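Topology and contacts: notes
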Amino acid sequence: LAKTTQPISMDSYEGQEVNITCSHNNIATNDYITWYQQFPSQGPRFIIQGYKTKVTNEVASLFIPADRKSSTLSLPRVSLSDTAVYYCLVGDIYNQGGKLIFGQGTELSVKP
Amino acid sequence: SAVISQKPSRDICQRGTSLTIQCQVDSQVTMMFWYRQQPGQSLTLIATANQGSEATYESGFVIDKFPISRPNLTFSTLTVSNMSPEDSSIYLCSVRWDRQETQYFGPGTRLLVL
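Let us look at the structure shown here. (Residues numbered from 1 in each chain as written. Chains lettered and ligands numbered in written order. Predicted model: local features only at pLDDT ≥ 70, side-chain atom pairs only at ≥ 80, totals over all residues. Heavy atoms only, no water.)

At the interface, 21 residues of chain B touch 19 residues of chain A. Summing both sides of the interface, chain B and chain A together bury roughly 1,600 Å²; the carbon and sulfur share of this comes to 50%. Along the contact surface separating chain B from chain A lie 0 salt bridges. Linking chain B with chain A are 6 residue pairs in polar contact (both at pLDDT 80 or more). With 4 residues, the single largest contributor to the side of chain B that touches chain A is strand β4 (residues 31–37) of chain B. (Contact = heavy atoms within 4.5 Å. Buried area = accessible area lost by both parts, 1.4 Å probe. Salt bridge = Lys/Arg side-chain N within 4 Å of Asp/Glu carboxyl O. Polar contact = N/O pair within 3.5 Å; in protein donor to acceptor, adjacent residues only side chain to side chain. Helix = DSSP H or I, 4+ residues; strand = E, 2+ residues; numbered from the N terminus.)

Structural data, given as structure tokens:
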């Protein structure tokens with residue numbers, strides 16, 4: 001399972017776009033990149049997943065360069081309610097027994 | 001998606017005692033997992049709960065300390081045995097369906113051991 005590295009914390013202001021980058025130099029061919037969000041006193045919640053290029057949903061966008069050694073989660077126009085810890089996970093989700101291995105996460109603080 | 005409930009939501013226990021945490025899902029799921037999240041830390045996978053057979057434990061976790069049951073496809077229990085203050089954590093169960101990319105988490109059980 002590939003190790004991930006992401007910033008420990010980030011600060012932003014309401015209305016700004018926030019980009020959180022995750023490094024995963026040892027990503028394997030069958031690995032997917034998944035991001036989870038965790039609010040205090042809650043379990044993590046799936047945000048977005050991708051394999052290559054760009055993925056977008058109603059919540060976020062995920063940018064993955066051609067070498068797949070990093071990825072960037074983009075949150076458009078954040079609000080105070082986006083204050084949470086964001087986890088980047090890399091793994092072969094279909095063939096590794098479903099295990100998710102969490103790294104340290106990025107604590108995002110959105111200020112008014 | 002799935003509705004996942006955990007009982008109890010929180011508890012305060014004395015050292016040396018054991019606590020059993022229940023995880024109930026509103027539909028049958030393929031996989032169930034148990035995680036631990038120590039204060040201010042990330043999540044650590046304890047084990048995969050296998051239906052009808054012994055759980056598969058991750059390195060550093062043993063069955064004697066964290067016995068797990070999964071009698072059917074919607075229910076699992078995790079017991080924290082012979083507790084010490086170091087076991088104070090949030091314990092979360094999560095579920096996944098086969099060939100699905102998303103894993104859903106329960107609300108967690110907050111445990112404090114005195």
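Residue and element names in this part refer to chain A. Strand order in the open sheet formed by 4 strands is β2-β7-β6-β5, with antiparallel pairing between adjacent strands. Of all strands in the sheet, those bounded by a partner on one side alone are β2 (18–23) and β5 (53–56). Within the sheet, the average angular offset between the axes of one strand and its neighbour, ignoring direction, is 15°. In this sheet, strand β6 (residues 61–64) lies alongside β5 in antiparallel orientation, the contact comprising 4 bridges. Each bridged residue has a counterpart across the sheet, and for lysine 54 the counterpart in β6 is phenylalanine 63. (Pairing = 2+ DSSP bridges. Axes fitted to C-alpha atoms, helices over the stretch in contact; angles between N-to-C directions.)

Attention shifts here to the layout of surface pockets. Any space left empty among the atoms is revealed by the rolling of a water-sized probe across them. Each pocket or cavity is described by its volume, and for the largest pocket that value is around 530 Å³. What lines the largest pocket is a set of 25 residues, and nearest its centre among them are A:Val85, A:Tyr87, B:Gln37, B:Gly40 and B:Gln41. Looking at the lining of the largest pocket, the elements with two or more residues in it are β8 (84–91) and β9 (106–111) of chain A together with β9 (89–96) and β11 (109–113) of chain B. Tallying contributions element by element places β8(A) first for the lining of the largest pocket, with 3 residues. (1 Å grid on protein atoms, 1.4 Å probe; cavity = no way out; pocket = protein on both sides within 12 Å on 5 of 7 lines; lining within 4 Å. Points joined across faces, edges and corners; volume = space filled by probe spheres on them.)

As a further point, take the sheet that holds strand β3 (residues 19–25) of chain B. All names here are of chain B. What the 4 strands build is an open sheet, ordered β1-β3-β8-β7; its pairing is antiparallel. In this open sheet, the two edge strands, each paired with only one partner strand, are β1 (4–7) and β7 (68–72). Strand-to-strand twist of the sheet, defined as the mean angle between neighbouring strand axes without regard to direction, takes the value 15°. Two elements, β3 and strand β8 (residues 75–80), share 6 bridges in a ladder whose sense is antiparallel. The partner of leucine 19 across the bridge, within β8, is valine 80.

The next subject is the packing of aromatic side chains. How two aromatic rings sit relative to each other is given by the distance of their centres and the angle of their planes. With the rule as written, the count across this model stands at 10 aromatic pairs over all chains. With centroids separated by 5.2 Å and ring planes inclined at 85°, the aromatic side chains of A:Tyr87 and A:Phe102 adopt a geometry described as edge-to-face. Of this pair, A:Tyr87 sits in strand β8 while A:Phe102 sits in the loop between β8 and β9, and the two are 15 residues apart along the sequence. Exposure remark for A:Tyr87: the relative accessible area of 2% places this residue in the buried category. Among the aromatic residues, those joined into a cluster by ring pairs are A:Tyr36, A:Phe46, A:Tyr87, A:Phe102, B:Tyr35 and B:Phe105. (Phe/Tyr/Trp six-rings, centres within 6.5 Å; stacked < 30°, edge-to-face > 60°. Buried < 20%, exposed > 50% of the residue type's maximum accessible area, 1.4 Å probe, protein only.)

Next up on the list: the side chain of B:Thr79. Take B:Thr79: it is sitting in strand β8. Polar side-chain contacts of B:Thr79 include one of 2.8 Å to the side chain of B:Thr20.

With that settled, the discussion passes to the side chain of A:Asp31. All names here are of chain A. Mapping aspartate 31 onto the fold places it in the loop between β2 and β3 (32–38). Summary of buried charges: aspartate 31 has no salt-bridge partner, and the nearest side chain of opposite charge, arginine 68, is 5.9 Å away. Among the polar contacts listed, one links the side chain of aspartate 31 to the backbone nitrogen of alanine 28, at a separation of 2.9 Å. (Lys, Arg positive; Asp, Glu negative; His and termini not counted.)

Across all of its chains, the model carries 2 disulfides over all chains by this definition. The disulfide partner of A:Cys22 is A:Cys88, and the gap between their sulfur atoms is 2.2 Å. Across the S-S bond of A:Cys22 and A:Cys88 the torsion is about -80°, and the bridge reads as left-handed. Of the two residues, A:Cys22 sits in strand β2 while A:Cys88 sits in strand β8, which places them 66 residues apart along the sequence. Judged by its relative accessible area of 0%, A:Cys88 is buried. Across the disulfide from B:Cys23 sits B:Cys93; the S-S distance is 2.0 Å. (Disulfide = S-S within 2.5 Å.)

Any functional reading would require information that these geometric values do not contain.
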